[in-house]
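Chain and residue survey
Below, each chain spelled out in residue letters.
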Amino acid sequence: MSSNYSYKNGGGVKTKSVSSSSSSFSSGYSKSKPAVTSNLRRNSTGSTANSVTGAHKDAPGVSGRVRVAVRLRPKNSEELSTDADFADCVELQPELKRLKLRRNNWDSDTFEFDEVLTEFASQKRVYEVVAKPVVESVLEGYNGTVMAYGQTGTGKTYTLGKLGDEDTSARGIMVRAMEDIFAEATETDSISVSYIQLYMETIQDLLDPVNDNLSIVEDPKSGDITLPGASLIEVKDQQSFVELLRLGEAHRFATNTKLNTESSRSHAILMVHVKKSVSVSGDNVGSKSHTNRTMKPPVVRKGKLIVVDLAGSERIDKSGSEGHTLEEAKSINLSLSALGKCINALAENSYVPVRDSKLTRLLRDSFGGTARTSLVITIGPSPRHRGETSSTIMFGQRAMKVENMLKIKEEFDYKSLARKLDVQVESLIAQHERQQKAYQDEIEKISLEAKKQISQAEKKFADSLEKERLKYQRDCMESIKKLEAQLAVNKLKEESLNKPNEELNEVKKLLQNEIRLRKTAEEEVKNLQNQAVQWKRSEVAGNAEIVKLRKMLEDEIHQREKLEEEISVLQNQLLQLSFDADETRKQLESGDRSVDMTADMGSIISPVRQPQMRYSGEQEKGSVATLFEQVGLQKILSLLEAEDPDVRIHAVKVIANLAAEANNQEKIVEAGGLASLLDLLSSSDDENIHRVAAGAIANLAMNETNQELIMSQGGISLLAMTAQNADDPQTLRMVAGAIANLCGNDKLQLVLRAEGGIKALLSMVRSKHPDVLAQVARGIANFAKCESRASTQGIKSGKSLLIEDGALAWIVKNASNEASPIRRHIELALCHLAQHEVNAKDMISGGALWELVRISRDCSREDIRILARRTLSSSPSFQVELKRLRLNSG
Ligand code: ADP
Ligand code: MG
């Protein structure tokens, strides 16, 4: 600060002598720079520290006085010739940074400047002394101004705007400044350029001359001055910048021609906007933590370099002398005058009329503002322009008093921060997505791995299973092979013994056949089942029919039963009638004889009068008789032994018919017919023959002589045998009839019984046929009658043989048989048995007494009733018993 202070004190006062402090001032422009830089550093760091509150506006500025250098143009050819005899109006003491302005030949004024540049100073040196510090400040974020002031033709344009096309060493400040800016610029930095001209308070765009009346806009808050209508062209390299300058110069020349003026009357202003992002590692910003860096918006520094090539500073009157009206001249130099006034005011700390001109408005920050400003005043050596030179020097001296407060143009780049944050957010989203993807991938990987492991395990398991299976298969195969080997051995063994395999094969074949048959049978069963199902269906339909038919059948059966009953009744009636007829006939034959039971019996057994005994009908009788006469008995009998059964049976029938006639019987027996008939009973198996033969024998047995013959020829046992084997009731009837006839023979009683005749007779009751039973009953009655007769005659004294052979039970049981022929015979038999006292005991115990009592009381035939009553009363045993039972017949 002391050095700055010393500048103030030491600089700028018009003085003839070098002040004491001049030494410190003279230490120079360049020397002060490091101090400023260090100040800058300190403040910049402070500013950054406060920048979170966005307070760089409030950051303390750095004192920065306007630097002024003076440059002397070399004499041009004209001056060399014209002014050759005169001394220069100025004398330079560059090492002392002093300039002596000659007042007259003996007196001069001495002025101190920040830099004194002689006519020999190179463009390079001029740039480094005047502009370079400003450019460096701009790169650090300050505004900077380089301005040339001086009379027309003194080299303002040469100093600032020389392009140096022919001679690169002649490159002016504009070109060199931009070179340095580009050298420092990074890719993210932005450098853009506007180039304008101010003439008669009108601003024209030198880069686009169509914009010929640009207006100045002032930010009311910051006070920043902008030219919204001006072209602002971003330049990327030096070459394009130079081209822009060239274009601007060309437009300046064209515009001035059009306005019928000279470039010296207008102010040319180049504005370079440098926007630099502050490098984080940079020492100004400080290396804060990563958090701070990311949380804080990035800092951008917007330095603006203004290079001003002013219009000529020659006096108005001079300009006027060159053909311009005063007003015109005034107007032309209004801005320049205003600039002078402002600088005076700034130097004297009085009111600064910034708003008086467009130039002062545009340069508001350059003088008394925040910019680092460097002014070069150009002068010529000619004594003829001494006044102008003096005025220029005075302007420079005053400008040296202007103190600026340098402020860094640094701000938070919220847009950039937002962009950066956007990028961060996007990156975080992307990262998140990536992580999520990675997580999902990981999960997928894990699940895939798990699946893989599972499938591997499964495969392993399957493999081991398969292995196991194969092993078992192998084992099995080996076992089979072993067994087969064993079998082969066995086979060999067995083959020597037998060939069981063939048998086995046969059995197998049979089995297969059986299986096939069974299958066929199963199919058949199935078919039948199906059919059964179908039949069942039709059966249901037919059931009604069946029920109907059954009903009809039942009706028929009922009808038949009724008819059978009727037949039975009629048969009984017929029996009764025949019996009655027999009785009547007997009575007629024996006259008025009292009823004789024997006669009765005889009538019964008479074959002629027994229609049921007769073999064939009347129509056959004639033919048989004829046959008998024609063929002869002997012949017929011989046919009984014929081979043909039909012939035999016919012969028997013929014999039987013949035997039915009493007069034939003798002839038949004589011819040996009886023996033949008996023989048939044993030799033939034919039951028909048995029946017919038995019938014939029965007929023959009616004759007493025949009876004896039958007995002697073993007839009883033959008849008993036939009775035993026969089932047919008619056969049994014939046999029973024959035996019954034999039973009526007194002489044959004992033999008959001894040969089983009675037993045979009784055995036939099994038939239950009334015809058979009637014959049995007749035989019993006959036998009982003979026994009764024998006992009456005193021949027989023992118990009845009938009782002995167990006939009593059947007799008692059938004593009240419904069929009258049976009943009558039994009633007679009972009466005969009861007449012999020895039978009484058995009869009582066998229940026969009761039957006799019943007969004596209820019998419809009176003779039998009387016989029974008489018998009962004549038997003492019966009487005793009846008395005991208190059933005295009285
Ligand atoms: P101004 O812009 O101040 O009107 P110019 O820059 O046009 O003056 O200079 C006028 C003339 O002087 C030009 O021909 C220029 O080449 C020449 N000139 C100016 N300064 C120098 C210098 N330092 N060395 C050589 N020639 C110069
Ligand atoms: Mg010029």
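From a predicted model like this one, the values you see are computed outputs, not experimental measurements.

**A look at the pairing of strand β4 (residues 98-102)**
Bridge count between strand β3 (residues 90-93) and β4: 4 bridges; the pairing is antiparallel. The residue bridging Glu91 from the neighbouring strand is Lys100, located in β4. The loop that links β3 with its antiparallel partner β4 comprises 4 residues; one of these, Lys97, has a positive phi angle of about 50 degrees. Pairing between β4 and strand β5 (residues 108-112): 5 bridges, direction antiparallel. Note on β5: the bridge partner recorded for Leu99 is Phe111. Turn length for the β4-β5 hairpin, with the two strands adjacent in sequence and antiparallel, is 5 residues.

**Quick word on the side chain of Ser231**
Tracing the backbone through its elements, the reader meets Ser231 in the loop between β11 (225-226) and β12 (233-234). The exposure class of Ser231 is buried, given its relative accessible area of 16%. At 2.7 Å, the side chain of Ser231 and the side chain of Asp205 are in polar contact. Discounting chain neighbours no more than four positions away, the residues touching Ser231 are Val193, Ser194, Asp205, Leu207, Asp208 and Asn211.

**Side note on the pattern of salt bridges**
Within the structure shown, the criterion is met by 34 salt bridges. Close ionic contact of Glu112 with Arg98 constitutes a salt bridge, the shortest N to O distance being 3.5 Å. Placement of the pair is Glu112 in strand β5 and Arg98 in strand β4, with a sequence separation of 14 residues. Across this residue pair, the class does not change: Glu112 and Arg98 are buried. When the shortest N-O distance is used, the salt bridge between Lys124 and Glu128 registers 3.2 Å. Pair noted here: Lys124 and Glu128 are both in helix α5 (residues 123-140), with a separation of 4 residues, about one helical turn. Residue class for Glu128 comes out partly exposed when judged on its relative accessible area of 38%.

**Quick word on the packing of aromatic side chains**
If you walk through the whole model with that rule in mind, you get 1 aromatic pair. Measuring from centroid to centroid gives 3.6 Å for Tyr149 and Phe395, while their planes differ by 5 degrees, and the two rings are stacked. Here Tyr149 is found in strand β7 (residues 144-150), whereas its partner Phe395 is found in helix α14 (residues 386-399), with 246 residues between them in sequence. Neither Tyr149 nor Phe395 differs from the other in exposure class; each is buried. Of note, Lys471 hangs over the ring of Tyr472, and the distance from its end group to the ring centre comes to 5.7 Å.

**Observations regarding the sheet that holds β3**
Read across the sheet, 3 strands follow the order β3-β4-β5 without closing on themselves; strand pairing throughout is antiparallel. The open sheet has two free edges, formed respectively by β3 and β5, since each of these has just one partner strand. Direction aside, neighbouring strands of the sheet carry axes that sit 20 degrees apart on average.

**Description of the site of ligand 1**
In the vicinity of ligand 1, the residues found are Arg71, Arg73, Pro74, Gln151, Thr152, Gly153, Thr154, Gly155, Lys156, Thr157 and Tyr158. Lys156 places a polar side-chain atom, nitrogen or oxygen, 3.0 Å from an oxygen atom of ligand 1. One nitrogen or oxygen atom from the side chain of Thr157 is found 3.1 Å from an oxygen atom belonging to ligand 1. Taken by itself ligand 1 offers 550 Å² of open surface, and the protein chains cover 64% of this. Top contributing element to the shell around ligand 1 by residue count: helix α6 (residues 156-161), with 3 residues. Tallied by class, residues from the shell around ligand 1 come to 2 nonpolar, 6 polar and 3 charged.

**Some thoughts on helix α36 (residues 876-884)**
If you check which residues of α36 are buried, you get Phe878, Gln879, Glu881 and Leu882. Across the axial projection of α36, the buried residues extend over an arc of 165 degrees, all falling on one side. When the buried face of α36 is taken as reference, the exposed residues oriented beyond 90 degrees from it are Val880, Lys883 and Arg884. Where the residues of α36 are buried, they touch α32 (820-834), α33 (840-846), α34 (848-858) and α35 (862-874).

Rules used throughout
- Residues numbered from 1 in each chain as written.
- Chains lettered and ligands numbered in written order.
- Predicted model: local features only at pLDDT ≥ 70, side-chain atom pairs only at ≥ 80, totals over all residues.
- Heavy atoms only, no water.
- Pairing = 2+ DSSP bridges.
- Helix = DSSP H or I, 4+ residues; strand = E, 2+ residues; numbered from the N terminus.
- Buried < 20%, exposed > 50% of the residue type's maximum accessible area, 1.4 Å probe, protein only.
- Polar contact = N/O pair within 3.5 Å; in protein donor to acceptor, adjacent residues only side chain to side chain.
- Contact = heavy atoms within 4.5 Å.
- Salt bridge = Lys/Arg side-chain N within 4 Å of Asp/Glu carboxyl O.
- Phe/Tyr/Trp six-rings, centres within 6.5 Å; stacked < 30°, edge-to-face > 60°.
- Lys NZ or Arg CZ within 6 Å of the ring centre and 35° of its normal.
- Axes fitted to C-alpha atoms, helices over the stretch in contact; angles between N-to-C directions.
- Near = heavy atom within 4 Å.
- Areas by Shrake-Rupley, 256 points an atom, 1.4 Å probe, with all protein chains shown as cover.
- Nonpolar A, V, L, I, M, F, W, Y, C, P; charged D, E, K, R; others polar.
- Arc of directions from axis to C-beta.

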